[in-house]
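Chain by chain, the residues run as shown.
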Amino acid sequence: MDNKQKNLIWFGILGLLTLAGLGAWLYQMANGLIVTGMRNIVSWGLYITAFMFFVGLSAGGLIVSSSATVFNIAPFKKVSLPAVLLSVVCVIMAALFIVVDLGKPQRMFNLLLHSQFKSPLMWDVIVITAYLLISVLYLYFMTRPNPDQRKIRIMSRIALPVAIGVHSVTAWIFGLQIARVAWHSALMAPLFVASALDSGLALLLIVLLALNRSGKYKVEDQLFSSLAGLLAVFVAVDAFFIGCEVLTFIYPGEEKVMNAVSLLFTGSLAPFFWGEILLGLFLPFLILVFAKNRAKKSSILLASVLIVVGVFFKRVWLLFSSFVFPLVPGQLGVTLGEFKEGVDSIVIPNIWATAGSYSPTMIEGLIFLGIISSGILLFRLLFQGLISAQSPKALVRENITNRSNTSQVLGGK
């Protein structure tokens, strides 16, 4: 089977998953959010988890790309194009998860008609919109037949703080809620940025390895090794922030906080918490800290996949650790908002609960897979179009510039 046939098969699978997700979304709009696993106590679920996850993936890729220009790291400029494109696609996917979480897309107009600028939710809408526009402009200037380096430098200087800000504002949606003890922390924004750096760079490495193997975008082995070393540093920083956060939680021994901590250590969220510690931090760092492993593409790929999975687990335990216990406990608890109507009479089951629970339904799963599949297709089509549009002269000029900058850096040592 040649590459063309393989590509057609992959396009077919991704296309079917996208259509299945679209169909599930239409079904959800017709029947309401009752078809999801979200209820009164746990009112956010897989969609908001994915939103946090993809905002982080997007910000991490753009930070790496813009830093290469801002700090004149010549070798890293080679991956600027796929990094920025990946950032654009990921933030589009993040926005789509917000749309499906609203239940009805026309509710987006409420953001314009009834804007509350004191709310971090509104801050996030503003900064994500600005972030997407800046990312698209950055990508536009990079892919011109005769790119203007001055404009690219200006955009990179704007993109770097905006990329850091977009995930910080997303973190403040959670960190500024004093009523939810597992979220209320000044470290929430640094935690989000740290995990964005390692997960975004890990996803970028996965994409680069796939493109390099297919022959569509060649990357030097030394660059893979350098990026893997940087990834090990990001993982260590992320682990440090998580350690600080957990220690701050458990040392005072406050009852409400310890209830949330028990969920992470031994409760329902323990598989995700310890999974993130093991898969997202310990094992990847153990792989990447050794130079011989950073020289192997298979080791880099394994560590990168583990980090992406681990950071997704982190988003899960971070979101639900503050949703399990209701904010306003009562004698009976909080109503789940459910009832059953029998043949002769109305049968009301146990609709009261003192703790929440959540598991995604098949509808949520199909929408989740559909959005991811559409994102992969979008990246693939845009990347192929942008690479084809770049003239050979522009590519040659970029390679000459990179070699010249590298020689200057080496000569200055």
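Structure: see above.
Think of each chain on its own: its residues are numbered from 1, step by step along the sequence as written. Owing to the predicted nature of the model, reporting of local features is limited to residues with pLDDT of at least 70; listing and counting of side-chain atom pairs is limited to 80 or more, with chain, interface and lining totals taken over all residues. To obtain the side-chain values, all non-hydrogen atoms of the structure were used and water was disregarded.

**Things to note about the overall build of the protein**
Then comes step 1: Think of it this way: any DSSP run of H or I at least four residues long counts as a helix, any run of E at least two long counts as a strand, and we number them from the N terminus. Within the protein, the regular secondary structure consists of 14 helices and four strands.
Then comes step 2: Classification of the 413 residues of the protein by burial places 46% in the buried group.
Then comes step 3: Residue exposure ignores everything except the shown protein chains as possible cover, and the areas themselves are Shrake-Rupley values with a 1.4 Å probe. When the accessible surface of the protein is totalled, it reaches about 20700 Å², and 69% of it is carbon and sulfur. The buried label applies to any residue whose accessible area, calculated with a 1.4 Å probe on protein chains only, is under 20% of its type's maximum; exposed applies above 50%, and partly exposed to all values in between.

**Notes on the side chain of serine 66**
Then comes step 1: Mapped onto the elements of the fold, serine 66 is located in helix α2 (residues 46-70).
Then comes step 2: Looking at serine 66, the relative accessible area reads 0%, which means it is buried.
Then comes step 3: At 2.8 Å, the side chain of serine 66 and the backbone oxygen of leucine 62 are in polar contact.
Then comes step 4: Here serine 66 is in contact with Tyr138, Ser156, Ala159 and Leu160, once residues within four sequence places are set aside. Polar contact criterion, stated in full: a pair of N or O atoms within 3.5 Å, where within protein one must be able to donate a hydrogen and the other to accept it, and residues adjacent in sequence count only if both atoms are side-chain atoms. Note on definitions: a residue-residue contact is assigned when non-hydrogen atoms from the two residues lie within 4.5 Å.

**Some details on the packing of helix α10 (residues 270-288) against helix α12 (residues 297-320)**
Then comes step 1: Angles shown run from 0 to 180 degrees and are taken between the N-to-C directions of axes, each axis being a line fitted to C-alpha atoms and, for helices, limited to the stretch in contact. Look at α10 against α12: their axes get within 8 Å of each other, and the N-to-C directions meet at 155°. Taken together, the axes of α10 and α12 are roughly antiparallel relative to one another. Relative to α12, α10 is oriented so that their crossing is left-handed.
Then comes step 2: Residue classes follow a fixed rule: Ala, Val, Leu, Ile, Met, Phe, Trp, Tyr, Cys and Pro count as nonpolar, while Asp, Glu, Lys and Arg count as charged, and any other residue, Gly among them, counts as polar. Residue composition of the contact of α10 with α12, grouped by class: 18 nonpolar, four polar and two charged. Orientation categories follow fixed angle ranges, with anything under 35 degrees roughly parallel, anything over 145 roughly antiparallel, 65 to 115 roughly perpendicular, and all other angles oblique. Crossing handedness: left-handed means the near helix sits turned counterclockwise from the far one by under a right angle, and right-handed means the same turn made clockwise.

**Quick look at unusual backbone geometry**
Then comes step 1: Even without being glycine, asparagine 72 reaches a positive phi, approximately 55°.
Then comes step 2: For asparagine 72, the position within the fold is in the loop between α2 and α3 (80-101).

**A few points about the pattern of salt bridges**
Opposite charge on two side chains lets them pair, provided their charged atoms get close.
Then comes step 1: For this document, the term salt bridge refers to a Lys or Arg side-chain nitrogen within 4 Å of an Asp or Glu carboxyl oxygen. In total, this model carries two salt bridges according to the counting rule given.
Then comes step 2: Note that lysine 297 and aspartate 221 form a salt bridge whose closest N and O atoms lie 2.4 Å from each other. Placement of lysine 297 in helix α12 and of aspartate 221 in helix α8 (residues 221-250) is noted, with a sequence separation of 76 residues between them.
Then comes step 3: On the accessibility criterion, lysine 297 (32% relative accessible area) is partly exposed.

**Remarks on the environment of phenylalanine 249**
Then comes step 1: Residue placement: phenylalanine 249 occurs in helix α8.
Then comes step 2: Overall, phenylalanine 249 belongs to the buried group, its relative accessible area being 16%.
Then comes step 3: A C-alpha to C-alpha distance of 9.2 Å links phenylalanine 249 and alanine 260, two positions eleven residues apart in sequence.
Then comes step 4: Aside from chain neighbours lying at most four places away, what touches phenylalanine 249 is Val181, Ala182, Val257, Met258 and Val261.

**Examining the nonpolar core**
Then comes step 1: In this structure, Phe54, Phe97, Phe174, Trp183 and Leu319 are the most contacted members of the largest nonpolar core, which totals 116 residues.
Then comes step 2: Looking at this core, the element that brings in the most residues is helix α7 (residues 188-214), giving 16 residues.
Then comes step 3: Residues in contact with phenylalanine 174, not counting those within four places in the same chain, are Trp44, Ile48, Met52, Trp183, His184, Phe192 and Leu319. By nonpolar core we mean a set of buried residues, namely Ala, Val, Leu, Ile, Met, Phe, Trp, Tyr and Cys, connected to one another through side-chain atoms within 4.5 Å.

**Regarding the packing of aromatic side chains**
Then comes step 1: The rule is short: rings of Phe, Tyr and Trp, with Trp giving its six-membered ring, pair when the centres are within 6.5 Å, and they are stacked under 30 degrees, edge-to-face over 60, tilted in between. All chains considered together, the criterion is met by 21 aromatic pairs.
Then comes step 2: Taken together, a centroid distance of 5.8 Å and an interplanar angle of 50° make the contact between phenylalanine 240 and phenylalanine 241 tilted.
Then comes step 3: Between phenylalanine 273 and tryptophan 317, the ring centres sit 5.3 Å apart and the planes meet at 75°, which makes this aromatic pair edge-to-face. Of this pair, phenylalanine 273 sits in helix α10 while tryptophan 317 is found in helix α12, placing the two residues 44 residues apart along the sequence. For the pair formed by phenylalanine 273 and tryptophan 317, the shared burial category is buried.
Then comes step 4: Three or more aromatic residues joined by ring pairs make a cluster, and in this case those are Trp44, Phe174, Trp183, Phe192 and Phe323.
Then comes step 5: The criterion is that NZ of a Lys, or CZ of an Arg, lies within 6 Å of the ring centre and within 35 degrees of the ring normal, and then a charge sits over that ring. Note that lysine 78 overlies the ring of tyrosine 217, its terminal NZ or CZ placed 5.1 Å from the centroid.
Then comes step 6: Directly above the aromatic system of phenylalanine 192 lies the positively charged group of arginine 315, at a separation of 4.7 Å from the ring centroid.

**Focus: the packing of helix α9 (residues 255-265) against α10**
For any two helices packed against each other, one specifies the crossing angle of their axes together with the interaxial distance.
Then comes step 1: α10 packs onto α9 with a crossing angle of 70° between their chain directions and a minimal axis gap of 5 Å. Relative to α10, α9 is oriented roughly perpendicular. Where α9 abuts α10, its residues Leu263, Leu264 and Phe265 lie against Ala270, Phe273 and Trp274.
Then comes step 2: Split by residue class, the contact of α9 with α10 holds six nonpolar, no polar and no charged.

**Examining a positive patch on the surface**
Then comes step 1: By definition, no residue in a patch forms a salt bridge, and every one has over 30% relative accessible area; like charges are joined within 9 Å, nonpolar side chains (Val, Leu, Ile, Met, Phe, Trp, Tyr) within 5 Å. The convention is simple: Lys and Arg are positive, Asp and Glu are negative, and His and the chain ends are not counted. A single reference atom marks each charge: NZ on Lys, CZ on Arg, CG on Asp, CD on Glu. A contiguous patch of positive charge on the surface is contributed by Arg150, Lys151, Arg153 and Arg157.
Then comes step 2: Position of arginine 150 among the secondary structure elements: in helix α6 (residues 149-175).

**A word on α2**
Then comes step 1: Compared with the 36 Å implied by 1.5 Å per residue over 25 residues, the 36 Å span of α2 between its first and last C-alpha is a close match.
Then comes step 2: In terms of burial, α2 is largely enclosed, as 24 of its 25 residues are buried.
Then comes step 3: Phi turns positive one or two residues past the end of α2, at asparagine 72, with a value near 55°. Here a helix's expected span is defined as the number of its residues, less one, multiplied by 1.5 Å.

**Observations concerning a nonpolar patch on the surface**
Then comes step 1: A cluster of nonpolar side chains, namely Leu278, Phe282, Phe285, Leu286, Val289 and Phe290, defines an oily patch on the protein surface of about 540 Å² accessible area.
Then comes step 2: As for its placement among the helices and strands, phenylalanine 290 is situated in the loop between α10 and α11 (291-294).

**Some remarks on the environment of lysine 314**
Then comes step 1: Note on placement: lysine 314 falls in helix α12.
Then comes step 2: Linking lysine 314 and leucine 269, residues 45 residues apart in sequence, is a C-alpha distance of 10.0 Å.
Then comes step 3: Ignoring sequence-local partners within four residues, the contact set of lysine 314 consists of Leu191, Ser195, Asp238, Ile242 and Glu276.
Then comes step 4: Within the structure, lysine 314 has its side chain in polar contact with the side chain of aspartate 238 (distance 2.9 Å).

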